[in-house]
Amino acid sequence: MAQLTKRQLFSLTASAAFLTSFSRGHAAPGADPVLEVALNENPFGPSPKAEQALATQLKKANRYGDGTSADQFVAQIAKFENVSPDQVILGELLELLGLFLAARAPVGGNIVYSKPGYMALVDAGKPAGLTGVGVPLDASLRNDFPALAKAITAQTKALYLVNPHNPSGTASPPDVFEAFLRDASRKTLVIVDEAYLEYASSARSAVSLTRQGENVAVFRTFDKIYGLAGLPIGYLVAPRSLAAALRDAGFGNPHGIGRLAISAASAALEDQNWTRSVHDRIASGRARLTSTLDNLNLKHTESEANFVFFQSPKPVAEVRERFAKLGIVIARPFAPLNDWLRISVGTEAEVTRIISALKQIFSA
């Protein structure tokens, strides 16, 4: 085979880069742009106050995050959650928390979780010897409390639950959920991931149990309803002993988070009017999608998150391909629910486009 010249290599590289860019969000002239509804992002973006904070801090992007602004942000979160500042640890902590639990004596152990589920915490601990004990969701695709309780053993380092659940979107009944958490936390640490809580109408935060001294840690994020997925930042509200151990291990260091994320998240948390407006618009879009699924006789969960989850009577690979041909990227399958599909709620216009695609694919 003849050797390619430098000019030919440059041409091929440039062509590949263009095709990659095209496939990730550029459409042919005159066509609708590619619609990404796979990752449960906020389609309406962050609060205008957060955007203004970012614009201001960009002028200082050459400087590391400082302890003073981080401490002020921690105090703001503590006031919002009605806990002590020493119980708040900043950061997107789930993966680091998995490593921390795996290394905590005795090394190894297991994490009990609902299956399928968000696996960042569980997967992060695997190389360090932590194993995952997946408990299937119940018939309504909610957390199966009796089965989860049975799965907790002396080797369990934590019970990890997402509420509302991902990928099903279901929220556990508040009183039942709270009673279960209270009981389970007497056997092991309970970690509740509330990434989608602000979208729910019935779910309540488990932080109330942390306030009462129960062995419950709650993870919250600014990636979802606050619209800061591009500047990932969250926080953990933890029992004092766990928070102190995490802080001693270096968790919450503002240098690892950055001033842009801290300033944007602080402004976003302050603007609860924007958060409520996003909640209402997502709820409206979710209702439109759910109504369409009902009209198409497609079985779905009672989602309270910013996505819908439904069972497909057609092969999932075929359905995803048809969505892709219509310029819509939806989520991958979540084993073992391999015949179910998750679609994030978009803007009003995007929901209209998704509904049109659903009708084209499932009406035939």
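Each chain carries its own residue numbering, running from 1 in the written order of its sequence. The predicted origin of the model limits local features to residues at a pLDDT of at least 70 and limits the giving and counting of side-chain atom pairs to 80 or more, whereas totals for whole chains, interfaces and linings rest on all residues. Heavy atoms throughout the structure, all of them, feed into the side-chain values; hydrogens and water do not.

Observations regarding the environment of L101
Part 1: Helix and strand assignments follow DSSP, with helices taken as H or I runs no shorter than four residues and strands as E runs no shorter than two, numbered in order from the N terminus. Of note, L101 is situated in helix α4 (residues 94-103).
Part 2: As a C-alpha pair, L101 and A124 span 23 residues in sequence and 9.9 Å in three-dimensional space.
Part 3: Ignoring any residue separated from it by four or fewer positions in sequence, one finds L101 in contact with G108, I111, K157, A158, L189 and I191. Two residues qualify as a contact provided that any one of their heavy atoms is within 4.5 Å of a heavy atom in the partner residue.

A few points about unusual backbone geometry
Apart from glycine, the bulk of residues carry a negative phi angle, and the bulk of peptide bonds sit in the trans form.
Part 1: With an omega dihedral of 25 degrees, the bond running from N166 to P167 counts as a cis peptide bond.
Part 2: With respect to the helices, strands and loops of the structure, P167 is situated in the loop between β5 (156-162) and α7 (174-184).
Part 3: Here the residue pair A335 and P336 is connected by a cis peptide bond, since its omega of 5 degrees sits within 30 degrees of zero.
Part 4: In this fold, P336 is placed in the loop between β10 (328-330) and β11 (340-344).

Considering the packing of helix α12 (residues 316-325) against helix α13 (residues 348-362)
Part 1: Fitted lines through C-alpha atoms serve as axes, helices being fitted only where they are in contact, and the angles separating the N-to-C directions of these axes extend from 0 to 180 degrees. It is at 10 Å that the axes of α12 and α13 come closest, and there the two elements cross at 130 degrees. Taken together, the axis directions place α12 and α13 in an arrangement best described as oblique. Between α12 and α13 lies a crossing whose hand is right-handed. Contact with α12, carried on its side by V319, R322 and F323, involves A357, L358, Q360, I361 and F362 of α13 and no other residues of that element.
Part 2: Under the convention adopted here, Pro, Cys and the residues Ala, Val, Leu, Ile, Met, Phe, Trp and Tyr are nonpolar, Asp, Glu, Lys and Arg are charged, and Gly plus all remaining residues are polar. Residues that form the contact of α12 with α13 fall into these classes: 6 nonpolar, 1 polar and 1 charged. Between 65 and 115 degrees an angle is taken as roughly perpendicular, under 35 as roughly parallel, over 145 as roughly antiparallel, and anywhere else as oblique. Helix crossings get a hand from a simple test, with the near helix turned counterclockwise from the far one by less than a right angle marking a left-handed crossing and a clockwise turn marking a right-handed one.

Section: the sheet that holds β5
Part 1: Strands were regarded as paired on the criterion that DSSP finds at least two bridges between them. Strand order in the open sheet formed by 7 strands is β2-β8-β7-β6-β5-β3-β4, with mixed pairing between adjacent strands. Two strands lie at the open edges of the sheet, namely β2 (88-90) and β4 (131-136), each paired on one side alone. Strand-to-strand twist in this sheet, taken as the mean axis angle between neighbours without regard to direction, amounts to 20 degrees.
Part 2: Examined bridge by bridge, strand β3 (residues 110-115) and β5 share 4 bridges and lie parallel to one another. Bridge pairing links I111 to A158 in β5.
Part 3: Along the sheet, helix α3 (residues 67-81) contacts β2, β7 (216-221) and β8 (234-237); its crossing angle with β2, the most-contacted strand, is approximately 130 degrees.

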